[in-house]
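# Fold and geometry: a report
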Amino acid sequence: LQDIVARALDGESRAIAKLISMVEHADPRLPKMAEMLNRHVGRAHVVGLTGPPGVGKSTTTSMLISALRGAGRRVAVLAVDPSSPYTGGALLGDRVRMIDHGNDSDVFIRSMASRGQLGGLAWAAPQAIRILDAAGFDVVLVETVGVGQSEIDVVTLSDTTVVVMAPGMGDGIQAAKAGVLEVADVFVVNKADREGVGLLQRDLQNMLATSGRSPGHACWSPPIVTTVASRRQGAPELVAALSEHLAWLRAGDEILQRRAHRAASEVEGIAMRALQNRLNDIRNAGRVDSLARQVVDGSLDPFSAASALLDDIRG
Ligand SMILES: Nc1nc2c(ncn2[C@@H]2O[C@H](COP(=O)(O)OP(=O)(O)OP(=O)(O)O)[C@@H](O)[C@H]2O)c(=O)[nH]1
Ligand SMILES: [Mg+2]
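Let me begin by describing the structure that accompanies this report. (Residues numbered from 1 in each chain as written. Chains lettered and ligands numbered in written order. Predicted model: local features only at pLDDT ≥ 70, side-chain atom pairs only at ≥ 80, totals over all residues. Heavy atoms only, no water.)

The next thing to look at is the pattern of salt bridges. When the charged atoms of two side chains with opposite charge come close together, those side chains can pair. Considering all chains together, one arrives at 15 salt bridges under this definition. A salt bridge links R7 to D3; its shortest N-O distance comes to 3.3 Å. Taken together, the residues R7 and D3, both in helix α1 (residues 2–9) and 4 residues apart, mark about one turn of the helix. The exposure class assigned to R7 is partly exposed, which follows from its relative accessible area of 30%. Among the residues examined, D3 registers a relative accessible area of 47% and is labelled partly exposed. The residue D159 makes a salt bridge to R259 at a minimum N-O spacing of 2.8 Å. (Salt bridge = Lys/Arg side-chain N within 4 Å of Asp/Glu carboxyl O. Helix = DSSP H or I, 4+ residues; strand = E, 2+ residues; numbered from the N terminus. Buried < 20%, exposed > 50% of the residue type's maximum accessible area, 1.4 Å probe, protein only.)

Dropping the structure here:
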């Protein structure tokens with residue numbers, strides 16, 4: 001493990017991939033790994049990209065990789081699909097689309113799916129981000145699918161949340177419902193080569209105005225960046241918006257607040273999973289069944305039974 005961690009810290013792709021696989025498989029050496037990585041994390045800018053299916057998140061990610069590489073930054077991408085029990089076609093497609101970057105050792109791309117694991121991606125994704133951060137990537141891009149119903153909260157994971165939209169998909173309404181508008185730090189209006197861009201921009205501006213997040217109101221008013229990701233148009237503007245947001249985060253204690261929020265959900269996730277594992281062991285040993293029978297035959301009330309179960313969990 002020590003050797004793999006050392007090589008991952010040096011930025012070696014195969015070692016990084018190996019560590020992320022260990023997270024996916026809930027390897028028993030994870031606590032040790034986390035300890036070794038700990039003093040190397042906290043430097044990366046974690047950028048989450050979210051938005052309805054097909055708006056161009058992957059294309060935008062690919063465009064960002066090129067632009068950031070052009071500026072000499074090392075970039076990692078984590079494509080997470082909470083809805084898929086295994087790495088399915090959509091993510092594979094994403095990989096193919098990003099193949100332009102395949103030979104660049106300063107770009108690392110990885111798909112993750114929950115595989116029906118306990119705690120799922122909400123548990124695994126922050127650990128994967130820590131690995132990429134420790135491996136020295138300047139920017140970690142996290143692309144998620146399934147806005148609104150996702151078990152994984154990209155907002156919780158990221159320093160900066162980018163909401164991608166495209167004209168003609170009813171996105172405005174959809175996003176508003178999912179509460180995404182309130183959490184966006186940067187809006188991308190993609191597919192600006194399509195009809196209806198102006199309408200979507202106006203919709204967004206109106207919603208921002210009524211939510212009090214337009215210029216002059218909140219401390220950070222989310223910019224709207226217009227792109228044609230498939231032609232790599234709008235990349236410099238998007239990179240600038242991300243940098244400005246990071247600078248704003250760092251100017252106050254906002255970055256600490258966000259990261260504390262992230263760490264809280266991470267710590268709770270790890271504890272909950274340990275608790276659930278312990279409960280499963282106890283259940284498998286027949287202990288819950290025997291308590292249940294005592295409740296049924298009247299020798300124990302359910303609260304006393306739960307109390308006995310908690311005693312078992314403790315120890
Ligand atoms: N016309 C046009 N098409 C685009 C643009 N950006 C992306 N596309 C196309 O839109 C389709 C979907 O793009 P993706 O990048 O896969 O979108 P996504 O949001 O990652 O999709 P999911 O991950 O499946 O939710 C692809 O066929 C892209 O080539 C754009 O700016 N203009
Ligand atoms: Mg995609």
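Still more to cover.
Of all hydrophobic cores here, the largest spans 33 residues; its most connected members are I16, M112 and L132. Other than its neighbours up to four places away in sequence, L132 contacts I16, I20, A76, L78, F108, F137 and V140. Grouped together as the second largest cluster of nonpolar side chains are 24 residues, L49, V186, V188 and A241 included. (Core = buried A, V, L, I, M, F, W, Y, C linked by side-chain atoms within 4.5 Å. Contact = heavy atoms within 4.5 Å.)

Right, let's talk about the coordination of the magnesium ion (ligand 2) for a bit. Each protein donor to the magnesium ion (ligand 2) is listed here as S58 (OG) and E143 (OE); together their distances run 2.1 to 2.3 Å. You can see S58 sitting in helix α4 (residues 57–70) and its partner E143 sitting in strand β4 (residues 139–144), a full 85 residues away along the chain. Taking the relative accessible area as the measure of exposure, S58 reaches 7% and is therefore buried. (Donors = N, O, S within 2.8 Å, 3.2 Å for Na, K, Ca; no water.)

Further remarks concern the pairing of strand β1 (residues 45–50). Here β1 lies mainly inside the structure; 6 of its 6 residues are buried. By the alternation rule, side chains of β1 split into H45, V47 and L49 and V46, G48 and T50, which are all buried. As defined by bridge partners, β1 adjoins β4 across 5 bridges and the pair is classed as parallel. Following the sheet pairing, L49 is matched in β4 by E143. (Pairing = 2+ DSSP bridges.)

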